Amino acid sequence: MRQAAADDYAQFAVARAGHLYRSACLLTAGDTHLAEDLVQETLGRVYVRWGRISRAENPAGYAQTVLTRTFLAHQRRRSSTERATDVLPDRVAEGGDVSLRLTLLQALARLPAKDRAVIVLRYWEDRSVEETASALNASSAAVRTRCTRALGRLRELLGEDLGELAAH
């Protein structure tokens, strides 16, 4: 890779790493270690194809798609010896309602990986149905159906607790 292209990639990686990490944390339902791994894997895959990606209309969108697909691939090959935990590391909250955030992360963790990916892409990333379908390699109808079911499941999981938490 030429030095100019390497510099462009480095600037891109620095600018997007934080956003990719936040998205990865949501996809992994708060597993910060896995989120870091997913971001590193994503940035590595983007680096390999940077010459082509840098000329694309939306390199950031491409990276987000790579992140989502990397997450889904990881979920498919997850070792049977790994066990998810509901214990989050002690960290200082950066404002906002901590109990609401934890409740939402716990509810997201109970959704299947593809449902979680749809919710994150549609509502955290604010992508259209078509963009989400493209990122997940699915049809628009499948995304709409999965989104409706995932939101319904979240409502079941959160019940009245969300209203009570949001009111505080």
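Look up: the structure comes first, before these words.
A brief report on the enclosed structure follows. Because the structure is a prediction, the values reported are computed rather than measured.

**Thoughts on the overall build of the chain**
Next up, step 1: Along the chain, the regular secondary structure elements total nine helices and zero strands.
Next up, step 2: What you see in the chain, going N to C, is helices and strands ordered as α-α-α-α-α-α-α-α-α.
Next up, step 3: Put simply, the chain has 168 residues, and 39% of those count as buried.
Next up, step 4: A total accessible area of about 10400 Å² is found for the chain, and carbon and sulfur atoms account for 50% of it.

**Side note on the packing of helix H6 (residues 113-124) against helix H7 (residues 129-136)**
Next up, step 1: At their nearest, the axes of H6 and H7 sit 10 Å apart, and the two run at 140° to each other. As far as their axial angle goes, H7 and H6 are oblique. Here H6 runs over H7; the crossing is right-handed. In this structure, H6 contributes Ala-117, Val-118, Leu-121 and Arg-122 to the contact, and H7 contributes Val-129, Thr-132, Ala-135 and Leu-136.
Next up, step 2: Residue composition of the contact of H6 with H7, by class: six nonpolar, one polar and one charged.

**Here we look at the side chain of Arg-127**
Next up, step 1: Mapped onto the fold, Arg-127 is located in the loop between H6 and H7.
Next up, step 2: In this structure Arg-127 is buried but unpaired, with Glu-125 as the nearest side chain of opposite charge at 4.7 Å.
Next up, step 3: From its side chain, Arg-127 meets the backbone oxygen of Gly-61 in a polar contact 3.2 Å long.
Next up, step 4: Sequence-distant contacts of Arg-127, defined by excluding residues within four places in its chain, comprise Gly-61, Gln-64, Thr-65, Leu-121, Arg-122, Thr-132 and Ala-135.

**Thoughts on the packing of aromatic side chains**
Next up, step 1: If you walk through the whole model with that rule in mind, you get three aromatic pairs.
Next up, step 2: Aromatic pair Tyr-9 and Tyr-47: ring centres 5.0 Å apart, planes at 70°, arrangement edge-to-face. Highlighted residues: Tyr-9 in helix H1 (residues 3-27) and Tyr-47 in helix H2 (residues 32-48), separated in sequence by 38 residues.
Next up, step 3: Residue classification places Tyr-47 among the partly exposed positions, given a relative accessible area of 38%.
Next up, step 4: Taken together through their ring pairs, the aromatic side chains of Tyr-9, Phe-12, Tyr-47 and Trp-50 make up a single cluster.

**A word on unusual backbone geometry**
Next up, step 1: Its identity is not glycine, yet Ala-29 carries a phi of approximately 55°, on the positive side.
Next up, step 2: Residue placement: Ala-29 occurs in the loop between H1 and H2.
Next up, step 3: By relative accessible area, Ala-29 is classed as buried at 14%.
Next up, step 4: Backbone geometry places Asp-126, a non-glycine residue, at a positive phi of 55°.
Next up, step 5: Along the chain, the position of Asp-126 falls in the loop between H6 and H7.

Cut-offs used in this document
Residues numbered from 1 in each chain as written. Predicted model: local features only at pLDDT ≥ 70, side-chain atom pairs only at ≥ 80, totals over all residues. Heavy atoms only, no water. Helix = DSSP H or I, 4+ residues; strand = E, 2+ residues; numbered from the N terminus. Buried < 20%, exposed > 50% of the residue type's maximum accessible area, 1.4 Å probe, protein only. Areas by Shrake-Rupley, 256 points an atom, 1.4 Å probe, with all protein chains shown as cover. Axes fitted to C-alpha atoms, helices over the stretch in contact; angles between N-to-C directions. Parallel < 35°, antiparallel > 145°, perpendicular 65-115°, else oblique. Left-handed = near helix turned anticlockwise from the far one by under 90°. Contact = heavy atoms within 4.5 Å. Nonpolar A, V, L, I, M, F, W, Y, C, P; charged D, E, K, R; others polar. Lys, Arg positive; Asp, Glu negative; His and termini not counted. Salt bridge = Lys/Arg side-chain N within 4 Å of Asp/Glu carboxyl O. Polar contact = N/O pair within 3.5 Å; in protein donor to acceptor, adjacent residues only side chain to side chain. Phe/Tyr/Trp six-rings, centres within 6.5 Å; stacked < 30°, edge-to-face > 60°.

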